[in-house]
Amino acid sequence: MTTTPRWRALTHHNLFWPVVVLVVLLLVNVPFTPDFFSIRMTNGHLHGSLVSIVLFGSPLILVAVGMTLVIATGGIDLSVGAVVAITGALTCSYISDQSDQSALSGVFFAIGIGLLAAVVCGLWNGFLVARMGIQPIIATLIIMVAGRGVAQLVTDGQIITINSEPYKLIGGGYWLTLPFSIFVVAAVVAVTVVLTRKTALGLLVESVGGNAEASRLVGIRSRRIKIMVYVFCALCAGIAGLMISSNTSAADGNNAGLWIELDAILAVVIGGTSLLGGRFSIGGTVIGALVIQTLTTTIYTIGVPTQTNLVFKAAVVIVVCLLQSPKFRAKAFGGRFGNKPGAKGGTGQPAVAPAQTAKTTEAAPKMEVS
Amino acid sequence: MLNRRNFLTAAVGVAAAGGLAACAKEDEGSSTSSSGGSGGKKLTLGFSQVGSESGWRSANTDSVKASAKEAGYKLQFSDAQQKQENQISAIRGFIAQKVDVIAFSPVVVTGWDAVLKEAKAKKIPVVLTDRSVETSDESLYVTLVGSDFTDEGRRAARILEKVLEKAGHKGAVKIAQLEGTTGAAPAIERAKGFKEVMDADHKDDWKIVVSQTGDFTRAGGKQVMAAFLQSNPDIDVLFAHNDDMGIGAIQAIEAAGKKPGKDILIVTVDGVKDGFVAMSEGKINAIVECNPLLGPQLMEVVQKVKDGETVERWIKTKESDFMQDQAKEALPTRKY
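Here, residues in each chain are numbered from 1, in the same order as that chain's written sequence. Chains and ligands are labelled sequentially in the order written, the chains with letters from A and the ligands with numbers from 1. The model is predicted, so local features are restricted to residues of pLDDT at least 70 and side-chain atom pairs to those at 80 or more, both for listing and for counting; the totals for chains, interfaces and linings are taken over all residues.

A few points about the overall build of chain A
Selection rule: Helix and strand labels come from DSSP, where a helix needs a run of H or I of at least four residues and a strand needs a run of E of at least two; each type is numbered from the N terminus. Put simply, a residue is buried when 20 or more other C-beta atoms lie within 10 Å of its own C-beta and exposed when 12 or fewer do; between those, it is partly exposed, and each C-beta is set from the backbone. What counts as a contact is two residues whose backbone-derived C-beta atoms lie within 7 Å of each other.
Scanning chain A for helices and strands turns up 17 helices and 6 strands. Within chain A, the fraction of its 370 residues that count as buried is 54%. Taking contacts inside chain A between residues at least 6 apart in sequence as the whole, the part at least 24 apart equals 78%.

Some points on the overall build of chain B
A count of helical and extended segments in chain B gives 11 helices and 12 strands. Residues counted as buried form 48% of the 336 residues belonging to chain B.

Quick notes on the interface of chain B and chain A
Spelled out, the test is: For this classification, the nonpolar set comprises Ala, Val, Leu, Ile, Met, Phe, Trp, Tyr, Cys and Pro, the charged set comprises Asp, Glu, Lys and Arg, and every other residue, Gly included, is treated as polar.
Across the boundary between the two partners, chain B contributes 36 residues, which contact 33 residues of chain A. Put simply, the parts of the chain that give the side of chain B that touches chain A at least two residues each are α1 (4-34), α2 (55-71), β7 (206-213), α7 (218-231) and α8 (243-255) of chain B. Top contributing element to the side of chain B that touches chain A by residue count: α7(B), with 10 residues. A class-by-class count of the residues in the side of chain B that touches chain A yields 13 nonpolar, 16 polar and 7 charged.

Quick look at the sheet that holds strand β8 (residues 237-240) of chain B
Residue and element names in this part refer to chain B. The line we're drawing: Note on pairing: DSSP must find at least two bridges between two strands before they are called paired. Axis geometry follows a simple rule: fit a line to the C-alpha atoms, using only the stretch in contact for helices, then measure angles between N-to-C directions, giving values from 0 to 180 degrees.
Across the sheet, which stays open at both edges, the 6 strands sit in the order β7-β6-β8-β9-β10-β12 with mixed pairing between neighbours. Of all the strands in the sheet, just β7 and β12 (321-323) have a single pairing partner and so form its edges. Between one strand axis and the next, the sheet turns by 15° as a mean value, whatever way the strands run. Bridge count for strand β6 (residues 173-179) against β8 is 4 bridges, and the pairing is parallel. Of the residues in β8, the one forming a bridge with Ala 176 is Leu 238.

Here's the deal with the sheet that holds strand β4 (residues 126-129) of chain B
Residue and element names in this part refer to chain B. Spatial strand order, β2-β1-β3-β4-β5-β11: 6 strands in an open sheet with parallel pairing. Every interior strand has two partners, whereas the edge strands, β2 (74-79) and β11 (314-316), have only one. Recorded for the sheet is a direction-independent mean angle of 20° between the axes of neighbouring strands. One ladder, built from 6 bridges, connects strand β1 (residues 44-49) with β2; its direction is parallel. Looking across to β2, one finds that Ser 48 is bridged to Ser 78.

Some points on the pairing of β4(B)
Residues and elements named next belong to chain B. Defined as follows: A crossover counts as right-handed when, viewed with the strands pointing away from the observer, the path leading from the first strand over the helix to the second turns clockwise.
Neither face of β4 is left uncovered, since the one carrying Val 126 and Leu 128 and the one carrying Val 127 and Thr 129 both have all their residues buried. Here 3 bridges tie strand β3 (residues 101-104) to β4, and the two strands are oriented parallel to one another. Its bridge partner lying in β4, Ala 103 is registered against Val 127. After leaving β3, the chain enters helix α4 (residues 113-121) and then returns to the sheet as β4, a path that is right-handed. Of the pairings in the sheet, the one linking β4 to strand β5 (residues 143-146) comprises 3 bridges and is parallel in character. When the bridges of β5 are listed, Thr 129 appears paired with Val 145.

A closer look at unusual backbone geometry
Residue and element names in this part refer to chain B. Notably, Asp 130 is not glycine yet its phi reads approximately 70°, a positive angle. Relative to the helices and strands, Asp 130 is located in the loop between β4 and β5. By C-beta crowding, Asp 130 is classed as buried, having 22 other C-beta atoms within 10 Å.

Some points on the packing of helix α3 (residues 84-96) of chain B against α4(B)
Residue and element names in this part refer to chain B. Rule in force here: In these notes the angle categories are as follows: under 35 degrees is roughly parallel, over 145 is roughly antiparallel, 65 to 115 is roughly perpendicular, and the rest is oblique.
α4 packs onto α3 with a crossing angle of 10° between their chain directions and a minimal axis gap of 10 Å. Here α3 lies roughly parallel to α4, going by the angle between them. Contacts between α3 and α4 involve Ile 88, Ile 91, Arg 92 and Ile 95 from the former and Val 115, Glu 118 and Ala 119 from the latter. A breakdown of the residues in the contact of α3 with α4 according to their chemical character gives 5 nonpolar, no polar and 2 charged.

Description of the environment of Asp148(B)
All names here are of chain B. Of note, Asp 148 is situated in the loop between β5 and α5 (149-167). Since 16 C-beta atoms lie within 10 Å of it, Asp 148 is described here as partly exposed. Taking the C-alpha atoms as reference, Asp 148 lies 8.8 Å from Pro 186; in sequence the two are 38 residues apart.

Some remarks on the pairing of β3(B)
Residues and elements named next belong to chain B. Here β3 shows two buried faces, one formed by Val 101 and Ala 103 and the other by Ile 102 and Phe 104. Examined bridge by bridge, β1 and β3 share 4 bridges and lie parallel to one another. For Ser 48, the partnering residue across the bridge sits in β3 and is Phe 104.

Here's the deal with helix α11 (residues 222-248) of chain A
Residue and element names in this part refer to chain A. We count it as follows: Working rule for helices: expected span equals 1.5 Å times residues minus one.
The terminal C-alpha atoms of α11 lie 40 Å apart, and with 27 residues this matches the ideal 39 Å at 1.5 Å per residue to within 8%. Of all 27 residues in α11, 25 are buried, a share of seventy percent or more. Following α11 by one or two positions, Ser 249 has its phi on the positive side, about 50°.

Here we look at the domain arrangement of chain B
All names here are of chain B. Note the cut-off: Segmentation into domains, and thus their bounds, comes from an automatic or database assignment.
Under the domain assignment used here, chain B contains domain 1 (41-147 + 292-318) and domain 2 (149-290). Relative to domain 2, the C-alpha centre of domain 1 lies at a distance of 32 Å. Facing the 4 residues of domain 1 at the interface are 6 residues of domain 2. Considering only residue class, the side of domain 1 that touches domain 2 consists of 1 nonpolar, 2 polar and 1 charged.

As for the confidence of the model for chain A
This is how it is decided: Scored from 0 to 100, pLDDT reflects the predictor's confidence in each residue.
Here chain A averages 86 in pLDDT, and 89% of its residues register 70 or above. Counting contacts from residues 338-370 of chain A, a segment whose pLDDT is below 50, to residues more than four positions away or on other chains yields 68 contacts.

Remarks on the packing of helix α3 (residues 49-72) of chain A against α11(A)
Residue and element names in this part refer to chain A. For the pair α3 and α11, interaxial distance at closest approach is 8 Å and the crossing angle is 175°. Taken as axis vectors, α3 and α11 run roughly antiparallel relative to one another. Along the contact surface, α3 presents Ser 58, Pro 59, Leu 62, Val 63, Val 65, Gly 66, Met 67, Leu 69 and Val 70, while α11 presents Val 229, Tyr 230, Phe 232, Cys 233, Cys 236, Ala 237, Ile 239, Ala 240, Met 243 and Ile 244. Of the residues in the contact of α3 with α11, the class split is 17 nonpolar, 2 polar and no charged.

A few points about the confidence of the model for chain B
All names here are of chain B. Confidence along chain B averages 85 in pLDDT terms, with 87% of residues attaining 70 or more. Put simply, α1 is where chain B has its lowest mean pLDDT, 44, and β8 is where it has its highest, 97. The ipTM assigned to the predicted complex is 0.82, against a pTM of 0.80.

As for helix α4 (residues 80-97) of chain A
Between its terminal C-alpha atoms α4(A) stretches 26 Å, which fits the 26 Å expected from 18 residues at 1.5 Å a residue. Of all 18 residues making up α4(A), 16 are buried, and the element is well covered by its neighbours.

What to know about the nonpolar core
Operational definition: Only buried residues count toward a nonpolar core: Ala, Val, Leu, Ile, Met, Phe, Trp, Tyr and Cys, linked into one set through C-beta atoms within 7 Å.
Formed by 101 residues in total, the largest nonpolar core has its most connected members in Val63(A), Cys233(A) and Cys236(A). Once you skip the residues sitting within four places of it in the chain, Cys236(A) turns out to touch Leu62(A), Val63(A), Val65(A), Gly66(A) and Val188(A). Counting 52 residues, the second-largest nonpolar core is a separate cluster that includes Leu164(B), Val237(B), Phe239(B) and Ile264(B).

Looking at the environment of Gln81(B)
Residue and element names in this part refer to chain B. Tracing the backbone shows Gln 81 in the loop between β2 and α3. Considered as a pair, Gln 81 and Arg 218 are 137 residues apart in the sequence and their alpha carbons are 22 Å apart. Aside from chain neighbours lying at most four places away, what touches Gln 81 is Gly 51 and Asn 86.

Quick look at the environment of Leu238(B)
Residue and element names in this part refer to chain B. When you line up the elements, Leu 238 lands in strand β8. Overall, the presence of 28 C-beta atoms within 10 Å leaves Leu 238 in the buried class. A C-alpha to C-alpha distance of 9.8 Å links Leu 238 and Leu 160, two positions 78 residues apart in sequence. Excluding its chain neighbours within four sequence positions, the residues that come into contact with Leu 238 are Ala 176, Leu 178, Ala 249, Ile 264 and Ile 266.

If you want it as structure tokens, here you go:
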């Protein structure tokens, strides 16, 4: 087979493999559910599997986008699941105390309280990581463990059910026939992309991730950048928390956002961001999160027996991660897809010294396989 | 960097203080429950709870505390926070304090032989609540006070017969099942009991067309049901292993433009307050109760065991089934 330059450019694009996997997963559904791709109008809004995937995947996309920036600085944030639970718990318990749960002012105030709590969690994480020099995995573990306790304290260990139409809009409502959460996600992703790719911010984040000390020496305020990404990540998790609680009109301190941190990290990795930091791809993360949500939906629609759910999931994840590894592709398919590992890097140009670039791109495939 | 060590200590301190605060909250309950009661030497009961993972569990805890107070027993309450090692050390503590009876809801099924033998050696009787254990020596515990999950599955199938009759449904019935957490006893046994009745009496007309875990949560129930409706748009009946998954599924059914309780008949297990609210709105057709309020029954058994009377190996919790027309009436009495 001849490889035209265009084909080579396509297969070496960093989003090529995640998109291939996503398309394959979607197609797998068709034999089981012939009208899988059909979208119809029901009660004045669109309804169908594709809409469900985006709707239920929205919180994961948000959390994963925040996680991408944290991982780009070489950190990791395990506390996002707990932040999801805290935000949902605070917001819903405030709304449930109102005499008129649908009053707009009350709902906005409740959302404000919830997001403020999320920002405080982010500041705490950033403070521990950037100021105190604690390993990110340990620093964020504190809120991961303690935060869920806080959420349960807020909800008194109960599931708080609310009945507020405006609040329901965020995660379960529709606007212009589409789920409202799609617009929220689009806005957050757009703002993130503009901030990181149209300003120097993305470059700074990558350089901090490449080498924090070197960045500091050239005059970048590494610590401030780090604190910023943790706050941003927590804020994204907070919005996801609003969405999850709004979707079911209930706050469940025990289960809301449980293990979402792991799914988010997986989405980031599938999207081609290196866990070592130094480069990132927001587009890849969004695709990665959609892959995970599609996988979950696929399991439900094709009727994988409950007991083998996790095995099925694991098998797909292993295949995806292997496909993402240029070294593996070189071995499995010969030179066609695999040569020049990491030649394209992230969508952003590596902002660090050449030696550092070589190190990250070489080590990245290893991390992605593991 | 210099003060990393100091800071870590401080961080651990903060975490520990948080833990203490939680403990203090727990203590309030137990100290109030030890006051009051009749004269003479009070019976002391050591109770180790699984944790506080759900509304059902908190209702269970409150019931035990309240009925111990009512019976005039001194209650030593300990929360294991979902960890077996906490529970084992709590039981050792009860043995050291020489309580009269030990009761506990085991976090997991196995690994209790050693600590139960210690209790037996000190002649302290052990009563299990809610969940059972697997042990090589049956004499290690006196009795189990708890629900029969398999029977709940059977009752769900029986009440579904009534629901179908009331709805005037004729012919084949396509059933979707929302299972609990994979591997959890209630999930396995509720599915088993339901299938038992189905295989015995409805081999030809009932069929479970889809079955998937919703992890006992609303979000899980909603997401799975949305997918079910896509792959099997002609589902007649939903059997959910708990109310919360059923409530989530109702939202998915409504989003798909169908009427829960009419287009799709819904039977759930548990009987929490929100489940009854949904049933009174006509969205759930029937609820099979799984009663967490086993405190009074437990105290009765504790007294009998203390007095040396023989009790049954398994004392089943008193439970009822509710159809839609009973929902409004029963709603105000739901405590959890």
